[in-house]
2 protein chains.
Amino acid sequence: MSVEIDETDRAILRILSRDAALGAAQIGARVGLSQPAAWRRIRRLRDSGVLAGRRLELDREKLGLGVTVFLGIKLAAKGRVALEDFERAVSAIREVARVEHMLGLYDYRLRVVARDLADFERVLRRRIMTLPGVGQVEANVLLSEERRPGPL
Amino acid sequence: MSVEIDETDRAILRILSRDAALGAAQIGARVGLSQPAAWRRIRRLRDSGVLAGRRLELDREKLGLGVTVFLGIKLAAKGRVALEDFERAVSAIREVARVEHMLGLYDYRLRVVARDLADFERVLRRRIMTLPGVGQVEANVLLSEERRPGPL
DNA sequence: ATTGAAAAGACTGCCAC
DNA sequence: GTGGCAGTCTTTTCAAT
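Residues numbered from 1 in each chain as written. Chains lettered and ligands numbered in written order. Predicted model: local features only at pLDDT ≥ 70, side-chain atom pairs only at ≥ 80, totals over all residues. Heavy atoms only, no water.

Let's talk about the UniProt feature "domain: HTH asnC-type" (unreviewed entry) in chain A
Next up, step 1: The residues that UniProt annotates with the feature "domain: HTH asnC-type" (unreviewed entry) are residues 5-66 of chain A.
Next up, step 2: Summarising residues 5-66 of chain A: 53% helix, 13% strand, and an end-to-end C-alpha distance of 40 Å. (UniProt positions renumbered as here; feature names shortened; annotations may be inferred. Helix = DSSP H or I, 4+ residues; strand = E, 2+ residues; numbered from the N terminus.)

Here is the structure:
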């Protein structure tokens, strides 16, 4: 079920991608539409599912969560049951902020958030390494990241 | 500059993490506060920088962007100039939706979005492999992902 | 924390193109 | 079909108590 998206819709998505808190009036002003017209387009994008939702961007540092580590995980066994067991166990770990199921050298990548490196080590040893079916694990510490609008 | 955050603030952040479109009234109802009281806490979190912003969640499939690939990149040289050259060149590639600078086996990880695998191959060969200072490149195709509130 | 009031923004018909 | 205008209604925002 594809959706018709013209250049004006793309412009709206680009603007909203940078700041989803903007109102229909301000968006309309930037793309040359009245407030109701812009609002109608936004509702259409929402109803069609292109706009799936709005999410918070948090400052983890100010929340006392200074360490973000990406874990690339290769499973020892890769049957259906192994994947389900692993995903269920991962979902129970509060420190896991994101689970990416991938095809390639690694089967999963986890974004793990912790207060500091000592806290991360505790999570790694007591939670991650005890996950069912875990084979090779690779860790990378996040230094900085930049989000970009992507090919809209 | 740390910010005092109590359990009610955390509850508000947890609720907003799932749906940032909710208003102060609905948030207040869920944490047992009046609408102005909830609004004041939200403004305090925003002013203190804990709430850094609101971002869109898009359905890439419906936008005709069906392929997401993560590229782990190891640079050949790692001087200050090499990092800056690489980051500047990466910023010019529209298909790069995210740039993560990391410490570990890989120096950078890129989230690349493309229409399909043929489109991705074009980006990989003409944009990524021609980036300055690129050494080893590892690719993983995203199958599915789940975002979780993390340790709030 | 509650009330109330002003302002901003979201939403709806109706009409023109 | 899309957009604009005018209006209603809801929510936000900020007083006052």
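Overview of the interface of chain B and chain A
Next up, step 1: Counting residues at the interface gives 58 residues for chain B, matched by 59 residues for chain A.
Next up, step 2: For the pair chain B and chain A, the summed buried area comes to about 5800 Å², and 51% of that belongs to carbon and sulfur atoms.
Next up, step 3: For the pair chain B and chain A, the interface holds six salt bridges.
Next up, step 4: Two residues, A:Glu145 and B:Arg98, come together in a salt bridge whose shortest N-O distance is 3.5 Å.
Next up, step 5: Viewed at the interface, chain A and chain B are joined by 33 residue pairs in polar contact (both at pLDDT 80 or more).
Next up, step 6: Taken together, the elements giving at least two residues each to the side of chain B that touches chain A come down to helix H1 (7-18), strand E1 (51-58), helix H4 (80-91), strand E3 (96-104), strand E4 (108-114) and strand E5 (134-147) of chain B.
Next up, step 7: When residues in the side of chain B that touches chain A are grouped by element, the largest group, 10 residues, is from E5(B). (Contact = heavy atoms within 4.5 Å. Buried area = accessible area lost by both parts, 1.4 Å probe. Salt bridge = Lys/Arg side-chain N within 4 Å of Asp/Glu carboxyl O. Polar contact = N/O pair within 3.5 Å; in protein donor to acceptor, adjacent residues only side chain to side chain.)

What to know about the domain arrangement of chain A
Next up, step 1: Each domain of chain A was delimited in the assignment, giving domain 1 (7-47) and domain 2 (67-141).
Next up, step 2: One C-alpha centre belongs to domain 1 of chain A, the other to domain 2 of chain A; they are set 38 Å apart. (Domains from an automatic or database assignment.)

Side note on the protein's contact with DNA strand D
Next up, step 1: Every residue close to DNA strand D is listed here: A:Leu33, A:Ser34, A:Pro36, A:Ala37, A:Arg40, A:Arg41, B:Gly23, B:Ala24, B:Ala25, B:Gln35, B:Trp39 and B:Arg43.
Next up, step 2: Counting only atoms of DNA strand D within 4 Å of the protein, the fraction found in sugar and phosphate groups is 74%.
Next up, step 3: Between DNA strand D and B:Ala24 there is a distance of 3.3 Å, counted from a phosphate oxygen to a backbone nitrogen or oxygen.
Next up, step 4: A distance of 3.3 Å separates a phosphate oxygen of DNA strand D from a polar side-chain atom of B:Arg43.
Next up, step 5: For the surface near DNA strand D, the secondary-structure elements that each account for two or more residues are helix H3 (35-47) of chain A together with helix H2 (24-31) and helix H3 (35-47) of chain B.
Next up, step 6: Looking at the surface near DNA strand D element by element, the count peaks at four residues for H3(A).
Next up, step 7: Looking at side-chain class alone, the surface near DNA strand D contains six nonpolar, three polar and three charged residues. (Near = heavy atom within 4 Å. Nonpolar A, V, L, I, M, F, W, Y, C, P; charged D, E, K, R; others polar.)

Looking at the protein's contact with DNA strand C
Next up, step 1: Neighbouring residues of DNA strand C: A:Gly23, A:Ala24, A:Gln26, A:Gln35, A:Pro36, A:Trp39, A:Arg43, B:Leu33, B:Ser34, B:Pro36 and B:Ala37.
Next up, step 2: In this structure, A:Trp39 approaches DNA strand C through a side-chain N or O atom, which is 2.4 Å from a phosphate oxygen.
Next up, step 3: For the surface near DNA strand C, the elements supplying multiple residues, two or more each, are helix H2 (24-31) and H3 of chain A together with H3 of chain B.

A closer look at the relation of the copies chain B and chain A
Next up, step 1: The transformation that overlays chain B on chain A combines an axial shift of 0.0 Å with a rotation of 180°, and the residual RMSD is 0.1 Å. The symmetry that links the two subunits is that of a two-fold axis. No C-alpha of chain B approaches the rotation axis more nearly than that of B:Arg55, which lies at 2.6 Å. (Least-squares fit on C-alpha atoms with pLDDT ≥ 70 in both.)

Observations regarding the pattern of salt bridges
Side chains that differ in sign of charge can pair as their charged atoms come close.
All names here are of chain A.
Next up, step 1: A complete count under the given rule lists 35 salt bridges over all chains for this structure.
Next up, step 2: Among the salt bridges present, the one from Asp6 reaches Arg41, with a minimum N-O distance of 3.1 Å. With Asp6 in the segment before helix H1 (7-18) and Arg41 in helix H3, the pair connects residues that are 35 residues apart, well separated along the chain.
Next up, step 3: You can call Arg41 partly exposed: its relative accessible area is 23%.
Next up, step 4: In this structure, Asp85 engages Arg88 in a salt bridge whose closest nitrogen and oxygen atoms are separated by 3.3 Å. Highlighted residues: Asp85 and Arg88, both in helix H4 (residues 80-91), separated by three residues, approximately one helical turn.
Next up, step 5: The exposure class assigned to Asp85 is partly exposed, which follows from its relative accessible area of 30%. (Buried < 20%, exposed > 50% of the residue type's maximum accessible area, 1.4 Å probe, protein only.)

Some remarks on the layout of surface pockets
Next up, step 1: Taken as a whole, the largest pocket holds about 1600 Å³ of empty space.
Next up, step 2: A:Arg98, A:Arg147, B:Arg98, B:Arg111 and B:Arg147 are the residues nearest the centre of the largest pocket, which is lined by 50 residues in total.
Next up, step 3: Its volume calculated, the second largest pocket comes out at about 170 Å³.
Next up, step 4: Lining the second largest pocket are 13 residues; nearest its centre among them are A:Pro151, A:Leu152, B:Leu65, B:Arg94 and B:Arg115.
Next up, step 5: Of all elements in the fold, only E4 and helix H5 (117-128) of chain B reach the threshold of two or more residues within the lining of the second largest pocket.
Next up, step 6: Class assignment for the residues of the lining of the second largest pocket results in six nonpolar, one polar and six charged. (1 Å grid on protein atoms, 1.4 Å probe; cavity = no way out; pocket = protein on both sides within 12 Å on 5 of 7 lines; lining within 4 Å. Points joined across faces, edges and corners; volume = space filled by probe spheres on them.)

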